[in-house]
Amino acid sequence: MGSVKEYFSNLGSGIASLIKGMQVTGKEFVTPKITEEYPDNRDNLPVADRFRAVLTLKYDNQGDHKCIACGTCERVCPNGTISLGIKTVDTWDGKKKKKLDKYMYDLGSCTFCQLCVTNCPTDALEFSNDFEQAVFTRGKLLKKLNYLPEKEEPQPTPEEIARMKAEKEAKIAAAKAAAEAKKAAAAAKPAAEAAPAANDAAAKALAAAAGDPEKEAKIRAALEKAAALKAKREAGNAN
């Protein structure tokens, strides 16, 4: 009797397990498939925009990039993936300017941390989502990102040169005028400070001679004589 009971118990458990398995299988039949038929669907393969595949240098429609060769990306890279070649060129006004010569990027050692992109001051870099980067030799993982030839420094027009020259001359003239005004103010300051001091001395002398008409008259005569000599000297300097 016990064996019959055990038989039917095991049979019921088996049927329940089978039904549960069929439920899982039936659900998978109606679930959208995520398996990609690569490389047959290479042309319309969906890749997430945030996927980081390889570092690139942004170029505009005119073939220009915004890299200023500051070296920030090279310094922040944690494992030396980026190596910049920088050259110095002469501008039309005689100044020196740093310019990008070679932007070398080793995909094989990149950790895709994106520190180079986030720290670039001119937003010149970005990661593409082109994941097909498999090669047979590691040497092919070393990429030159500035693949277009570097353009020459633009030359200003004659009107721009004349305008910049006039602005420069105006700044020089303004600086000279400010220096002359400062020099004149510095020269006038001692005289302005000396005049109140002389007036104070004269007032004190007259106050001390109060009550003595003869002494007060002499002091006034001396002050008038000093004023006349000062006026005569200033007139001579003016001529």
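Being a predicted model, the structure only gives us computed values, none of them experimental. (Residues numbered from 1 in each chain as written. Predicted model: local features only at pLDDT ≥ 70, side-chain atom pairs only at ≥ 80, totals over all residues. Heavy atoms only, no water.)

What follows covers the state of the cysteines. Evaluated as defined, the whole model comprises 0 disulfides. In this model Cys-70 remains outside any disulfide bridge; the closest cysteine sulfur is found in Cys-120, 6.2 Å from its own. What makes Cys-70 partly exposed here is its relative accessible area of 26%. (Disulfide = S-S within 2.5 Å. Buried < 20%, exposed > 50% of the residue type's maximum accessible area, 1.4 Å probe, protein only.)

Inside soluble globular proteins, nonpolar side chains tend to come together where they are buried. Of all hydrophobic cores here, the largest spans 22 residues; its most connected members are Leu-55, Leu-57, Ile-82, Tyr-103, Tyr-105, Cys-116 and Leu-125. Sorting the residues of this core by element identifies strand S1 (54-57), strand S2 (82-90), strand S3 (96-106), helix H3 (115-119) and strand S4 (125-128) as the ones contributing at least two each. With residues near it in sequence (within four places) discarded, Tyr-105 still touches Val-54, Leu-55, Thr-81, Ile-82, Cys-110, Phe-112, Phe-127, Leu-141, Leu-142, Lys-143 and Leu-145. (Core = buried A, V, L, I, M, F, W, Y, C linked by side-chain atoms within 4.5 Å. Helix = DSSP H or I, 4+ residues; strand = E, 2+ residues; numbered from the N terminus. Contact = heavy atoms within 4.5 Å.)

This part is about a nonpolar patch on the surface. On the surface, a cluster of nonpolar side chains totalling about 590 Å² of accessible area is made up of Val-4, Tyr-7, Phe-8, Leu-11, Ile-15 and Ile-19. Here Val-4 lies in helix H1 (residues 2-30). Residue Val-4 is classed as partly exposed on the basis of its relative accessible area, which comes to 43%. (Patch = residues over 30% accessible without salt bridge, like charges linked within 9 Å, V, L, I, M, F, W, Y side chains within 5 Å. Areas by Shrake-Rupley, 256 points an atom, 1.4 Å probe, with all protein chains shown as cover. Salt bridge = Lys/Arg side-chain N within 4 Å of Asp/Glu carboxyl O.)

Looking at the element boundaries, Gln-133 is found in the loop between S4 and strand S5 (142-144). Of note is the side chain of Gln-133, whose polar atom sits 3.4 Å from the side chain of Lys-143. Beyond its immediate stretch of four places on either side in the chain, Gln-133 contacts Val-54, Leu-107, Leu-141 and Lys-143. (Polar contact = N/O pair within 3.5 Å; in protein donor to acceptor, adjacent residues only side chain to side chain.)

As a further point, take the sheet that holds S3. The strand order S2-S3-S5 describes an open sheet built from 3 strands, whose pairing is antiparallel. Pairing within the sheet leaves two strands with one partner each, and these edge strands are S2 and S5. Put simply, the sheet's adjacent strands are angled 25 degrees from each other on average, direction ignored. (Pairing = 2+ DSSP bridges. Axes fitted to C-alpha atoms, helices over the stretch in contact; angles between N-to-C directions.)

What follows deals with the side chain of Lys-99. Take Lys-99: it is sitting in strand S3. Classification of Lys-99 by relative accessible area gives buried; the value is 15%. Once you skip the residues sitting within four places of it in the chain, Lys-99 turns out to touch Ala-69, Gly-85, Ile-86, Lys-87, Val-89, Glu-150, Lys-151, Glu-152 and Glu-153.

Moving on to unusual backbone geometry. Trans is the prevailing form of peptide bonds, just as negative phi is the prevailing case for residues other than glycine. The backbone phi angle of Gln-114 is positive, close to 70 degrees, even though this residue is not glycine. In this structure, Asp-123 takes a positive phi of about 55 degrees despite not being glycine. Along the chain, the position of Asp-123 falls in the loop between H3 and S4. The class of Asp-123 is partly exposed, set by a relative accessible area of 38%.

Bringing the environment of Val-135 into the picture now. Inspection of the secondary structure puts Val-135 in the loop between S4 and S5. Discounting residues that sit within four places of it in the chain, Val-135 has contacts with Lys-140 and Leu-141.

This next bit is on the pattern of salt bridges. Applying the stated criterion to the full structure yields 2 salt bridges. The salt bridge partner of Lys-58 is Asp-123, with a shortest N-O separation of 3.1 Å. Residue Lys-58 is located in the loop between S1 and helix H2 (72-76), and its partner Asp-123 is located in the loop between H3 and S4; the two are separated by 65 residues in the primary sequence. Here Arg-163 makes a salt bridge to Glu-167, at a shortest N to O gap of 3.3 Å. On the criterion of helical spacing, the pair formed by Arg-163 and Glu-167 is a turn pair, its members being 4 residues apart in helix H4 (residues 158-208). A residue is classified by how much of its surface remains accessible, and Arg-163, at 43% relative accessible area, is partly exposed.

Counting through the fold element by element, Phe-51 comes out in the loop between H1 and S1. Discounting chain neighbours no more than four positions away, the residues touching Phe-51 are Ser-128, Asn-129 and Phe-131.

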